[in-house]
Amino acid sequence: PRPMPAAAPRDRRADPLFISQFDTSPRHIMEPPDAPRLCPHCAVDLVEQDFNDIEIDACPSCGGIWFDGGELEQVAADSLGGELARDVAAQAGSDKLKVAQLCRPVGKTKLRCPVCGDPLINNVFIDDEGLAVDICQLCDGVWLDKGELARFQRGQARKLLGRLVGSSTRHR
């Protein structure tokens with residue numbers, strides 16, 4: 001009789017019970033849309049505010065701002081104005097236009113995403129190491145500390161849009 005082939009060893013990394021012992025990130029949990037969003041720094045309720053016709057979430061305590069996926073890119077597009085801004089805004093948050101494309105990840109932070117609870121990843125802009133943003137890799141949201149939005153609008157927004165405008169003019 002032929003010996004039975006040995007069963008292939010199970011990859012423990014694919015076993016949900018094994019993973020649950022080590023992975024504490026709540027990737028499977030998305031907060032209901034009406035759940036209060038908490039500031040990643042202060043843990044106080046974020047306040048919805050209208051900013052250039054975009055609903056953002058601001059912290060009344062520390063002055064930080066949360067942008068859902070694609071919203072910061074829309075803010076950048078608004079700085080262009082006119083028809084080009086509408087074209088760019090339509091692609092905001094798509095794979096063609098993401099703030100993360102201008103960044104280099106530095107590492108996980110202790111901050112949690114106000115939307116899904118995933119750890120935020122600290123990123124620095126490739127050509128401006130002094131400007132850092134915290135990005136959720138799960139929902140693409142971006143956290144900016146007080147004062148970082150103005151710095152973003154002065155420099156990085158134009159670079160992000162320049163990349164997109166350059167690629168769209170080549171395709172026309």
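The preceding data block contains the structure.
Engineer: Outline the overall build of the protein, supporting the account with residue identities and numerical values.
Structural biologist: When its secondary structure is counted, the protein shows four helices and seven strands. Here the protein holds 172 residues, and 37% of them are scored as buried. As displayed, the protein has an accessible area near 10600 Å², and 53% of this comes from carbon and sulfur atoms.

Engineer: Account for the pattern of salt bridges, with residues named and values stated.
Structural biologist: For the coordinates displayed, the defined rule picks out two salt bridges. A salt bridge links Arg37 to Asp57, with the nearest nitrogen and oxygen atoms 2.9 Å apart. With Arg37 in the loop between α1 (16-22) and β1 (47-51) and Asp57 in strand β2 (residues 54-58), the pair connects residues that are 20 residues apart, well separated along the chain. Assessed through its relative accessible area of 22%, Arg37 is described here as partly exposed. Of the charged contacts, one joins Arg37 and Asp68 as a salt bridge, the two residues approaching to 2.7 Å between their closest N and O atoms. With Arg37 in the loop between α1 and β1 and Asp68 in the loop between β3 (65-67) and α2 (71-78), the pair connects residues that are 31 residues apart, well separated along the chain. In the salt-bridge network here, residues are joined through shared partners; they are Arg37, Asp57 and Asp68.

Engineer: An account of the environment of Cys103 is needed here, citing residue identities and associated values.
Structural biologist: Its location among the elements puts Cys103 in strand β4 (residues 103-112). Given the relative accessible area of 8%, Cys103 is considered buried. On a C-alpha basis, the gap between Cys103 and Val124 in space is 5.3 Å, while along the polypeptide they are 21 residues apart. Residue contacts for Cys103: discarding those within four places in its chain leaves Asn123, Val124, Phe125, Ile126 and Val133.

Engineer: Just give me the short version of the sheet that holds β4, but keep the residues and values in it.
Structural biologist: Pairing is antiparallel across the open sheet formed by seven strands, whose spatial order is β1-β2-β3-β7-β6-β5-β4. Of all the strands in the sheet, just β1 and β4 have a single pairing partner and so form its edges. Each strand of the sheet is rotated relative to its neighbour by a mean of 35°, with strand direction disregarded. As judged from the two bridges shared by β2 and β3, these two strands associate in the antiparallel manner. In the sheet register, Asp57 faces β3, and the bridge partner there is Trp66. Lying over the sheet, α2 contacts β1, β2, β3 and β7 (142-144), oriented at roughly 120° with respect to β2.

Conventions and cut-offs
- Residues numbered from 1 in each chain as written.
- Predicted model: local features only at pLDDT ≥ 70, side-chain atom pairs only at ≥ 80, totals over all residues.
- Heavy atoms only, no water.
- Helix = DSSP H or I, 4+ residues; strand = E, 2+ residues; numbered from the N terminus.
- Buried < 20%, exposed > 50% of the residue type's maximum accessible area, 1.4 Å probe, protein only.
- Areas by Shrake-Rupley, 256 points an atom, 1.4 Å probe, with all protein chains shown as cover.
- Salt bridge = Lys/Arg side-chain N within 4 Å of Asp/Glu carboxyl O.
- Contact = heavy atoms within 4.5 Å.
- Pairing = 2+ DSSP bridges.
- Axes fitted to C-alpha atoms, helices over the stretch in contact; angles between N-to-C directions.

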